[in-house]
Amino acid sequence: MENNLPYAQSLDAQDPLAPFRNEFLIPEHKGSQQIYFLGNSLGLQPRRTQARLQEVLNAWAQYGVEGFFMGGQPWLQYHDTLTAPLATIVGALPHEVVVMNQLTVNLHLLMVSFYRPQGRRRKIICEAKAFPSDQYMFETHVKHLGFHPEEVIIEVGPRVGEHTIRTEDILQAIDQHKDELALVLWGGINYYTGQLFDMSAIAKAAQAAGAKVGFDLAHAAGNVPLQLHQWNVDFACWCSYKYLNSGPGAIGGVYIHERYHHDPEIHRFAGWWGYQKDTRFLMQKGFVPIPSAEGWQLSTPSLLLYAAHKAALEIVSEAGWDQLQQKRKKLNDWLWFLLEDLEKATGGAAIEFITPREETARGCQVSMLMLRDGKQLFDQLTAAGIMVDWREPNVIRLAPVPLYNTFEEVWRFVDTLKKLIEQQVK
Ligand SMILES: Cc1ncc(COP(=O)(O)O)c(C=O)c1O
């Protein structure tokens, strides 16, 4: 690799996925397209989202409630168009995936099914400094069951002086608490550090300890390859507004291993939309679940949110999940190559990278601990139309994504940052 603009442009010229950028609406800055590296926060709007929403609005206008049964895409079957592409993305069987609610709501619902404290076995292992919503979910959920959070929640964090959590420490904590462990609920990728966890190893260790295991995949779904079924994960959930480009507050996704679909021992909070499909409209007493992940649905589906999700998933399918993964790796390797050059040029005095460098321990996101006036650099990048994000007290996060970011954008970002750091030192 060579650190120069023509080389970056040559990578774009060879990129088979380059045309997919045009599938998205790129926000502008002073009349030109922004360099948008916030796909880890809110993915960009696909051009076709409007058309998919319009189709639902048209069916509503034309058929009223009959839209559930009529039109090109009857609403009653709309859900099926989402689960097949999602199953590929998360490595599940299609009937193990359901699209419903939003992430924090789904975390609570899955806790109902998979956190079943009994006797001594009532502890939960989770990441220290998980995303706040997860922390609030744990705290309030265990309080609701009559426990003190500090008695049942075990947080595993980085060692002193380190930023990321060692797999060996997670596995050791699981083993240490194996007689009292009910659940391991971990993140796929940490929102702050960008660390990708070894989900396969965590799942294996949790189950060997006799606990259930689940993952919050907010930062992993649509970002890195997942094999939830093969890893034998019990359950997982994610949001669709980041790497899945389905819009602000997009509908979330859930995976539930098929072994639970017929299990009468599994509790759940039910609603009519999870009721067996062929007899749902008989409106009878006594809940009979659909024998698939769909049996966890509660409410009438949100068709407009489905439509936005469909638009985004269509693009992933057209690009091809494997091709997307190849580009993600290439784009990220390119970013790291340039960042390491920058690190050498600045003598390591300006930035400490907290995202692991190994390819197997990261996705699209890179988190940089800014050692000098990072907020000033962040403001200058924003003023230059380069959109990254700032996390207190001193971290810049960015995530070039394969569907709409380019190798040239990555080069321009690192080049601009280098010049800004050099100006700071003068
Ligand atoms: C790791 C993680 N968990 C939970 C959430 C909360 O998701 P929601 O607001 O969709 O419930 C987020 C949001 O970004 C997140 O990153």
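Everything numeric here is computed off the predicted structure, so don't read it as measured data.

S.K.: Can you break down the site of the ligand residue by residue, with the values?
M.R.: Taken together, L103, T104, F131, S133, D134, D216, A218, H219, Y241 and K242 make up the full set of residues near the ligand. At 2.7 Å, a side-chain N or O of D216 approaches a nitrogen atom of the ligand. Within the side chain of Y241, an N or O atom sits 2.7 Å from an oxygen atom of the ligand. Protein chains bury 82% of the 400 Å² of accessible surface belonging to the ligand in isolation. Of all elements in the fold, only α5 (103–114) and α6 (132–144) reach the threshold of two or more residues within the shell around the ligand. Residue classes in the shell around the ligand are distributed as four nonpolar, three polar and three charged.

S.K.: Which residues make up the domain arrangement of the chain, and what values do they have?
M.R.: Examined at the domain level, the chain breaks down into domain 1 (5–33 + 320–425) and domain 2 (52–317). Placing a centre on the C-alpha atoms of domain 1 and another on those of domain 2 gives a separation of 30 Å. In this complex, domain 1 contributes 29 residues to the contact, which on the side of domain 2 involves 22 residues. Summed over both sides, the interface between domain 1 and domain 2 buries roughly 2000 Å², with carbon and sulfur atoms accounting for 60% of that surface. Counting the surface domain 1 buries against domain 2, the share from its top three residues, W321, I354 and Q365, is 31%. There are zero salt bridges connecting domain 1 and domain 2. At the junction of domain 1 and domain 2, the tally comes to twelve residue pairs in polar contact (both at pLDDT 80 or more). Every element with two or more residues in the side of domain 1 that touches domain 2 is listed here: α11 (321–345), β14 (366–370) and β17 (395–398).

S.K.: Outline the sheet that holds strand β11 (residues 235–238), listing residues and values.
M.R.: Sheet architecture is open: seven strands sit in the order β6-β12-β11-β10-β9-β7-β8, paired in mixed fashion. In this open sheet, the two strands that pair with only one neighbour each are β6 (97–99) and β8 (153–156). Neighbour-to-neighbour, the strand axes of the sheet open up by a mean angle of 20°, direction not taken into account. With four bridges connecting them, strand β7 (residues 123–127) and β8 associate as parallel partners.

About the criteria used
- Residues numbered from 1 in each chain as written.
- Predicted model: local features only at pLDDT ≥ 70, side-chain atom pairs only at ≥ 80, totals over all residues.
- Heavy atoms only, no water.
- Near = heavy atom within 4 Å.
- Polar contact = N/O pair within 3.5 Å; in protein donor to acceptor, adjacent residues only side chain to side chain.
- Areas by Shrake-Rupley, 256 points an atom, 1.4 Å probe, with all protein chains shown as cover.
- Helix = DSSP H or I, 4+ residues; strand = E, 2+ residues; numbered from the N terminus.
- Nonpolar A, V, L, I, M, F, W, Y, C, P; charged D, E, K, R; others polar.
- Domains from an automatic or database assignment.
- Contact = heavy atoms within 4.5 Å.
- Buried area = accessible area lost by both parts, 1.4 Å probe.
- Salt bridge = Lys/Arg side-chain N within 4 Å of Asp/Glu carboxyl O.
- Pairing = 2+ DSSP bridges.
- Axes fitted to C-alpha atoms, helices over the stretch in contact; angles between N-to-C directions.

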